[in-house]
Amino acid sequence: MKVEGRDYRTVWMEGNTVCLIEQNLLPFEFKIFRAENHRDTCRAISSMVVRGAGAIGATAGYAMAQAFVESGDDRDYVETARRQIENTRPTAQNLFYAVERVYNAGRHSIDQAVNEAHQIADEDAAACKTIGELGNHLIEDGSSIETHCNAGWLAFVDYGSALSPVYAAHHSGKQVFVYADETRPRGQGARLTAWELKNENVPHAIIADNAGAHLMSQGMVDLMIVGSDRIAANGDVANKIGTLEKAIAARHYGIPFYVAAPVSTIDFDCASGKGIPIEHRHQDEVLYQSGPNAEGKLEKVRVSSPGSDALNPAFDVTPAELVTAIITDQGIFKAEQLAALKNSQHDE
Ligand code: MRU
């Protein structure tokens, strides 16, 4: 994707340094974060310099590759690094998928570990491009689409999942309008999705998290597309907190509710959503907000009653029965078709 006319990926590697678009500063400042070793990269993942399933996955793969390069063949170093990377964020399936692949490749040679990490990043971008092409067929000219959180190119290596069909529709000349849920507490919709859509000249409006059902009741939403951090084998979908409420509202108003994700997000070993670990993050994300002050300097301010604590589950699970279909890089599937998809993966 382009930022001010220049092509960028969300994550890439230069030498043994992992380079990331610093998402905590967006949309106010565009800056590249350079993680010189796997520990820096782990901190970048847990502090959400990089976030979103595919981007986390590619970054974790690079972190594992960094660890092999740093290890000088010290196996204990690699094992400790693997545990550290896997402990950064528990919900995103792509993290575990990428670490496993790079770890296995690194058993043969350090070069193979690095090549595997690059391969995962390239595959992620290609998968998201395909999701866009397939998902575009579900979008009619003149559609209004609601989305939650950010599942655009910033959440992947490129293109995005939920926003990829929107970009494909827009570029193919269809009129589309996007309602971007603000997505408290971190504001990925208001900050990141809105920034992406503005860069791509896609007409859109940010809506408060609690406005979606009202818009649906007024006939203002034709379909909803969201991303996913992990999909269980039965089609239950973990995604950013608040997704479940939207799916319930969409079902009530008869609005198609699509989930877009590469097959690498499906955890075929996890039988149902009950097995998906839900990350709980620090309460300050709910109690405080940050933004530029009058001088343009980023400032953190309390937006809640002093003395109250907060609860901050970062994800929820939408049961498969509320999901119209899952748009993947290998086709568009109903939950009950995932078993066949699993078998086809194992046949390859
Ligand atoms: O906590 P985050 O920002 O890493 O959350 C992940 C997400 O971006 C969303 O849940 C998204 O909708 C699915 S991942 C592309």
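Right, let's walk through the structure included here. In every chain, residue numbers begin from 1 and rise along the written sequence. For this predicted model, a pLDDT threshold of at least 70 governs which residues receive local features, and a threshold of 80 or more governs which side-chain atom pairs are given and counted, while totals over whole chains, interfaces and linings are taken from all residues. Think of the side-chain values as coming from all heavy atoms in the structure, minus any hydrogens and water.

Observations concerning the nonpolar core
- In this structure, V11, V18, L20, Y62, M64, I85 and V102 are the most contacted members of the largest nonpolar core, which totals 36 residues.
- Mapped onto this core, the elements with two or more residues apiece are strand 3 (11-14), strand 4 (17-21), helix 1 (38-46), helix 2 (53-71), helix 3 (75-86), helix 4 (93-106) and helix 5 (110-136).
- The leading source of residues in this core is helix 2, at 10 residues.
- Apart from the residues within four sequence positions on either side, M64 is in contact with V78, R82, I85, V99, V102 and Y103.
- If you look at the next biggest cluster of nonpolar residues, it comprises 30 residues, including Y8, I131, L163 and V166. Among buried residues, those of type Ala, Val, Leu, Ile, Met, Phe, Trp, Tyr and Cys that are joined through side-chain atoms within 4.5 Å constitute a nonpolar core. Throughout, exposure labels follow a simple rule: accessible area from a 1.4 Å probe, protein chains only, divided by the maximum for the residue type, with under 20% read as buried, over 50% as exposed, and the rest as partly exposed. Put simply, DSSP H or I for four residues or longer makes a helix, DSSP E for two residues or longer makes a strand, and each gets a number counted from the N terminus. For this analysis, residues touch if any pair of their heavy atoms sits within 4.5 Å.

Points about the site of the ligand
- Here a residue is near a molecule or strand as soon as one of its heavy atoms is found within 4 Å of it. Close to the ligand lie 19 residues; R51, R89, D229, N239 and K240 are nearest.
- Here, Shrake-Rupley sampling with a 1.4 Å probe gives the accessible areas, and only protein chains in the shown set may cover a residue. Starting from 400 Å² of accessible surface for the ligand in isolation, the protein chains cover 100%.
- Think of a 1 Å grid over just the protein atoms. A cavity is a set of points where a 1.4 Å probe fits yet cannot get out, a pocket is an open set with protein on both sides within 12 Å along at least five of seven lines, and lining residues have an atom within 4 Å of a point. Pocket occupancy is defined atom-wise: a molecule lies in a cavity or pocket when more than half of its atoms are within 2 Å of its grid points. According to the grid-proximity analysis, the pocket containing the ligand is the largest cavity.
- We call Asp, Glu, Lys and Arg charged. Ala, Val, Leu, Ile, Met, Phe, Trp, Tyr, Cys and Pro are nonpolar, and the rest, Gly among them, are polar. Partitioning the shell around the ligand into residue classes produces 8 nonpolar, 7 polar and 4 charged.

Quick look at the sheet that holds strand 5 (residues 32-35)
- Any two strands are treated as partners once DSSP identifies two or more bridges connecting them. If you walk across this open sheet you meet the 3 strands as 3-4-5, and the pairing is antiparallel. Each edge of the sheet is formed by a strand with only one pairing partner; in this case those strands are strand 3 and strand 5. If you compare each strand with its neighbour and ignore which way they point, the axes differ by 25° on average.
- Of the pairings in the sheet, the one linking strand 4 to strand 5 comprises 4 bridges and is antiparallel in character. Bridging across to strand 5, I21 finds its partner in I32.
- A fitted line through C-alpha atoms represents every axis, and for helices the fit uses only the stretch in contact; the resulting angles, taken between N-to-C directions, go from 0 to 180 degrees. Along the sheet, helix 2 contacts strand 3, strand 4 and strand 5; its crossing angle with strand 3, the most-contacted strand, is approximately 20°.

What about empty space enclosed by the protein?
- Grid points are joined across faces, edges and corners, and a volume is the space filled by probe spheres set on the points. Going through the model one piece at a time under the given rule, you end up with 2 cavities of 30 Å³ or more.
- Looking at the largest cavity, its volume works out to about 170 Å³.
- At the level of secondary structure, the elements contributing two or more residues to the lining of the largest cavity comprise helix 2 and strand 11 (237-240).
- Partitioning the lining of the largest cavity into residue classes produces 9 nonpolar, 9 polar and 5 charged.
- In this model, the second largest cavity occupies a volume close to 50 Å³.
- Around the second largest cavity, the lining residues are M48, T183, R184, P185, R186, Q188, K240, R281, E285, N312 and A314.
- Residues belonging to the lining of the second largest cavity are distributed by class as follows: 3 nonpolar, 3 polar and 5 charged.

Thoughts on helix 7 (residues 188-199)
- Helix length check: helix 7, at 12 residues, gives a terminal C-alpha distance of 15 Å against a target of 16 Å (1.5 Å per residue), a fit within 8%.
- With 9 of its 12 residues buried, helix 7 lies for the most part within the structure.
- All of the buried residues along helix 7 are Q188, G189, R191, L192, T193, A194, W195, E196 and L197.
- Taken from the residues just after helix 7, N201 is the one with a positive phi, measuring 60°. Helix span, expected: 1.5 Å multiplied by one less than the number of residues in the helix.

So, the pattern of salt bridges
- Here a salt bridge means any side-chain nitrogen of Lys or Arg lying within 4 Å of a carboxyl oxygen belonging to Asp or Glu. Under the counting rule described, the total for this entry stands at 16 salt bridges.
- For R9, the salt bridge is made with D122, and the minimal N-O distance between the two is 2.9 Å. Of this pair, R9 sits in the loop between strand 2 (6-7) and strand 3 while D122 is found in helix 5, placing the two residues 113 residues apart along the sequence.
- Under the relative-accessibility criterion, R9 is labelled partly exposed at 28%.
- The partner of R82 in a salt bridge is E86, and the shortest N-O contact between them spans 3.3 Å.

Concerning the packing of helix 2 against helix 4
- Look at helix 2 against helix 4: their axes get within 7 Å of each other, and the N-to-C directions meet at 25°. In terms of orientation, helix 2 lies roughly parallel with respect to helix 4. Crossing angle aside, the handedness with which helix 2 passes helix 4 is right-handed. Contacts from A53, G54, I56, G57, A60, G61, M64, A65 and F68 of helix 2 reach helix 4 at N94, L95, A98, V99, V102, Y103 and G106. Any angle that falls under 35 degrees is termed roughly parallel, while one over 145 is termed roughly antiparallel, one within 65 to 115 roughly perpendicular, and all others oblique. Rotating anticlockwise by less than a right angle from the far helix to the near helix defines a left-handed crossing, while the corresponding clockwise rotation defines a right-handed one.

Some points on the packing of helix 1 against helix 2
- Put simply, helix 1 and helix 2 touch, their axes get as near as 8 Å, and they point 160° apart. Considered as vectors, helix 1 and helix 2 are oriented roughly antiparallel to each other. For the pair helix 1 and helix 2, the sense of crossing is left-handed. For the pair formed by helix 1 and helix 2, the contact residues are H38, T41 and I45 on the first element and I56, T59, A60, A63, Q66, A67 and E70 on the second.
- Split by residue class, the contact of helix 1 with helix 2 holds 5 nonpolar, 4 polar and 1 charged.

A word on the sheet that holds strand 10 (residues 230-232)
- Ordered in space as 13-10-11-16, the 4 strands form an open sheet in which the pairing is mixed. Both outer strands of the open sheet, strand 13 (266-267) and strand 16 (315-318), are each paired with one neighbouring strand and no more.
- Of the strand pairs in this sheet, strand 10 and strand 13 are connected by 2 bridges, and their pairing is parallel. For A232, the partnering residue across the bridge sits in strand 13 and is D267.
- This element, helix 9 (residues 243-252), spans strand 11 and strand 16 of the sheet and lies at about 30° to strand 16.

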